[in-house]
Amino acid sequence: MSSLLQHLPARWRARRQGEDTVDNASVPAETQLDIKRSKEESDSESLASKEITTAVDPELNPGELTFEEDAAGGMGRHLGVFSCTLLIVGRIIGTGIFSTPSSILGSVGSVGASLMLWVLGFALSFCGLFIWLEFGTMFPRSGGEKVYLEAVYKKPKHLATVVFAMNAIVLGFTAAGCIVRLDSLSILVAAGHSAERWVTRGIALGVIGFVTLLHGLTPRLGVWVMNGLSIFKIGILLFVVVTGWVVLSGKTHIADPHANFRNAFAGSSHSSNDYATATFKVLNAYAGWANVNYVLNNVKNPVRTLKIAGPLGLGICAALYLLANISYFAAATKEEIMHSGTTVASLFFKKVFGTKAQKALSVFVALSTLAMLVKLTFAAARINQELAKEGVPLPFGNRFWASNWPTGKSPLPGLIIHLIPSIIVIIAPPPSVAYPFILDVEGYPGQIINFFIVVGLFWLRWHKPHAPRPFKVWWPLAVFFLAAAIFLLVAPFLRPANGVGDTPPLPYYLYCLVGIAIMVAGVLYWAAWRIVPRWFGYEYVPRKETLSDGTVVTLFSRQKIE
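Residues numbered from 1 in each chain as written. Predicted model: local features only at pLDDT ≥ 70, side-chain atom pairs only at ≥ 80, totals over all residues. Heavy atoms only, no water.

### Regarding the overall build of the protein
Counting its regular elements, the protein contains 25 helices and two strands. Per-residue burial over the protein gives 54% buried out of 562 residues. For the protein, the accessible surface area stands at approximately 23,500 Å², while carbon and sulfur atoms represent 66% of it. (Helix = DSSP H or I, 4+ residues; strand = E, 2+ residues; numbered from the N terminus. Buried < 20%, exposed > 50% of the residue type's maximum accessible area, 1.4 Å probe, protein only. Areas by Shrake-Rupley, 256 points an atom, 1.4 Å probe, with all protein chains shown as cover.)

### Focus: the environment of N384
Note on placement: N384 falls in helix 19 (residues 355–389). It is 7.8 Å that separates the C-alpha atoms of N384 and A165, two residues lying 219 residues apart in sequence. Not counting chain neighbours up to four residues away, the residues in contact with N384 comprise I169, G414, I417 and H418. (Contact = heavy atoms within 4.5 Å.)

### Some remarks on the packing of helix 14 (residues 219–248) against helix 16 (residues 302–331)
Geometrically, a packed helix pair is captured by the angle between its two axes and the distance between the axes. Between helix 14 and helix 16, the shortest axis-to-axis distance is 8 Å and the interhelical angle comes to 45°. Between helix 14 and helix 16, the angle falls in the class oblique. Relative to helix 16, helix 14 is oriented so that their crossing is left-handed. Mapping the contact onto sequence places I234, L237, L238, V240, V241, G244, W245, V247 and L248 in helix 14 and L320, Y321, L323, A324, I326, S327, Y328, A330 and A331 in helix 16. Residues of the contact of helix 14 with helix 16, tallied by class, amount to 16 nonpolar, two polar and no charged. (Axes fitted to C-alpha atoms, helices over the stretch in contact; angles between N-to-C directions. Parallel < 35°, antiparallel > 145°, perpendicular 65-115°, else oblique. Left-handed = near helix turned anticlockwise from the far one by under 90°. Nonpolar A, V, L, I, M, F, W, Y, C, P; charged D, E, K, R; others polar.)

### Describing the pairing of strand 1 (residues 538–546)
Two strands pair when backbone bridges link them, and strand 1 and strand 2 (residues 552–560) are joined in this way by nine bridges, in the antiparallel orientation. Bridge pairing in strand 2 places Y540 opposite R558. (Pairing = 2+ DSSP bridges.)

### Some thoughts on the environment of A388
Looking at where A388 falls in the secondary structure, it is placed in helix 19. Counting along the chain gives 12 residues from A388 to F400, while the straight-line C-alpha distance between them is 8.7 Å. In this structure A388 touches L394, N398, W401, A402, V553 and T554, once residues within four positions along its chain are discounted.

### Here's the deal with the pattern of salt bridges
Within the structure shown, the criterion is met by 16 salt bridges. Of the charged contacts, one joins E134 and R469 as a salt bridge, the two residues approaching to 3.2 Å between their closest N and O atoms. You can see E134 sitting in helix 8 (residues 111–138) and its partner R469 sitting in the loop between helix 22 (431–463) and helix 23 (475–490), a full 335 residues away along the chain. Across this residue pair, the class does not change: E134 and R469 are buried. In this structure, the salt-bridge partner of K389 is E386, at a minimum N-O distance of 3.0 Å. Placement of both K389 and E386 in helix 19 is noted, with a separation of three residues, approximately one turn of the helix. A relative accessible area of 3% places K389 in the buried class. What you see here is one network of salt bridges that share partners, running through D57, E59 and K464. (Salt bridge = Lys/Arg side-chain N within 4 Å of Asp/Glu carboxyl O.)

### Observations concerning unusual backbone geometry
A cis amide bond links K155 with the next residue in sequence, P156, at an omega value of -5°. For P156, the location among the structural elements is in the loop between helix 9 (145–152) and helix 10 (159–170). Omega for the bond connecting W405 with P406 falls within 30 degrees of zero, at 0°, which places this linkage in the cis form. Take P406: it is sitting in the loop between helix 20 (398–402) and helix 21 (412–426). Located in the positive-phi region is N263, a residue other than glycine, with phi close to 50°. Inspection of the secondary structure assignment puts N263 in the loop between helix 14 and helix 15 (272–286). The phi dihedral of N301 is positive, around 40°, even though this residue is not glycine. Mapping N301 onto the fold places it in the loop between helix 15 and helix 16.

### Considerations on the packing of aromatic side chains
Considering all chains together, one arrives at 24 aromatic pairs under this definition. Where W132 meets W289, the ring centres are 5.2 Å apart and the plane angle is 90°; that geometry is what we call edge-to-face. Remark: W289 occurs in the loop between helix 15 and helix 16 and W132 occurs in helix 8; sequence separation between them is 157 residues. Exposure class is identical for W132 and W289. Each is buried. Three or more aromatic residues link up through ring pairs in this structure, and these residues are F239, Y328, F348, F349 and F353. Above the plane of the ring of Y538 lies K560, whose end atom (NZ or CZ) is 4.8 Å from the centre. (Phe/Tyr/Trp six-rings, centres within 6.5 Å; stacked < 30°, edge-to-face > 60°. Lys NZ or Arg CZ within 6 Å of the ring centre and 35° of its normal.)

### Re helix 21
Look at helix 21: 21 Å from first C-alpha to last across 15 residues, which is about the 21 Å you get at 1.5 Å a residue. Along helix 21, 11 of the 15 residues are buried, which leaves the element largely enclosed by surrounding structure. Among all positions of helix 21, only L412, P413, G414, L415, I417, H418, L419, P421, S422, V425 and I426 are buried. (Expected span 1.5 Å × (residues − 1).)

This is the structure:
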């Protein structure tokens with residue numbers, strides 16, 4: 001309690017200390033102790049949900065809304081450590097571990113290099129997690145990177161917000177998971193039906209629609225479903241891991257389970273482009289370690305919960321990922337994995353248990369993907385709502401998109417914003433080309449944002465060295481993360497060893513250009529909103545409005561420049 005009070009303004013401390021000097025001579029000692037204990041618990045609970053950093057230094061306040069205004073509305077704080085840990089685990093474990101190992105192996109060329117990349121992805125993710133922990137505990141409000149960019153890059157005003165918004169909305173691809181899972185035969189194969197193109201897309205659209213309505217109309221049920229499916233996913237991976245141990249013991253029909261681990265680095269690629277592209281895919285498989293940062297307005301005691309749930313959730317996933325990859329390599333040859341298509345887990349079960357087990361796994365993986373989509377959509381909707389609350393100009397006005405319509409507890413409009421690009425991707429080009437390309441396009445702008453986040457961390461350490469930081473990342477980890485971000489921004493432009501990359505017939509550098517173009521489009525959109533009106537003698541002036549569900553939104557009105 002005292003450690004928190006020291007960060008409060010002097011007038012706050014004086015008020016609290018003054019309250020403690022009341023004459024209690026006439027009150028029995030036991031009653032005084034009970035009152036003091038009750039007061040300390042109440043104060044601790046109140047301060048646990050405060051933003052101490054901006055209370056001490058209001059200049060650091062990100063965006064237009066104060067902390068109290070930003071947290072108003074919705075269901076309030078209802079997520080604890082258990083739900084937040086599963087929110088991370090459920091988001092990370094999705095399509096990645098069941099599909100991308102074959103693509104990663106194809107890029108780097110060897111089992112050893114592939115496993116090393118999974119370890120590197122874990123290390124980079126943990127470095128990123130600690131950076132996000134420092135920002136998240138300083139600014140415990142929903143929005144994630146949006147909030148941190150706003151806190152650091154205040155000029156030009158709203159530029160960081162709009163560029164992030166363009167990336168978050170345009171690349172809001174829940175559809176990628178639907179395509180890879182439901183187009184890799186999944187439920188249709190298990191039921192004995194052929195997976196025709198528009199049939200699989202129809203299922204994908206149904207899944208997206210179901211998840212949207214689940215979170216939009218029954219938010220509490222959505223949380224229960226998220227937790228239940230996350231536990232189910234952990235069970236699936238544990239089964240894969242244990243099965244892999246049995247295979248390695250030599251007690252199955254697999255002839256030589258150790259073959260891939262002899263001379264494991266044979267055939268490794270020598271192209272930086274190959275490793276950079278493969279690293280994007282590994283990091284995409286680990287994506288989700290910052291999932292709690294996006295929903296902190298819904299988290300009980302957000303600072304403490306974030307410190308526990310973040311490392312715990314990522315640690316669980318990293319251990320399961322590495323062991324699952326070892327299981328895959330124990331059951332099948334390198335050539336079989338490289339040519340397995342998008343689902344290496346299906347090959348694993350076919351090799352170990354036979355065709356019937358392969359069909360059953362398809363259903364389990366589809367359910368795992370559903371769990372990932374439920375988690376991703378839950379967080380993405382809150383990001384979209386935060387962008388609308390900040391006043392980013394959206395069609396039909398910000399009141400609707402920022403609201404918790406129709407229940408008053410969950411942002412269905414924010415879910416709709418997330419739904420639109422997902423539908424577009426579902427009905428887009430064939431998944432054999434689209435899925436790898438989507439993974440790469442998602443990864444590159446994300447690395448640009450990561451670069452600016454970690455640079456902002458160092459700038460904030462220098463510019464505001466005495467700002468309260470409930471968690472402080474060890475600076476060498478931040479340097480390592482920065483170096484990796486720079487490499488991942490440069491290396492994709494280097495020619496790959498095969499000359500074409502992993503998304504032929506598309507050029508190997510195209511995803512980088514598309515990612516950059518999306519962010520440039522954000523800059524142009526900002527200019528059309530903030531600069532062009534001034535050429536005609538107008539400007540947009542912010543004001544705040546409280547909606548009927550308690551949500552506070554920033555609205556901009558056009559006024560003549562005097």
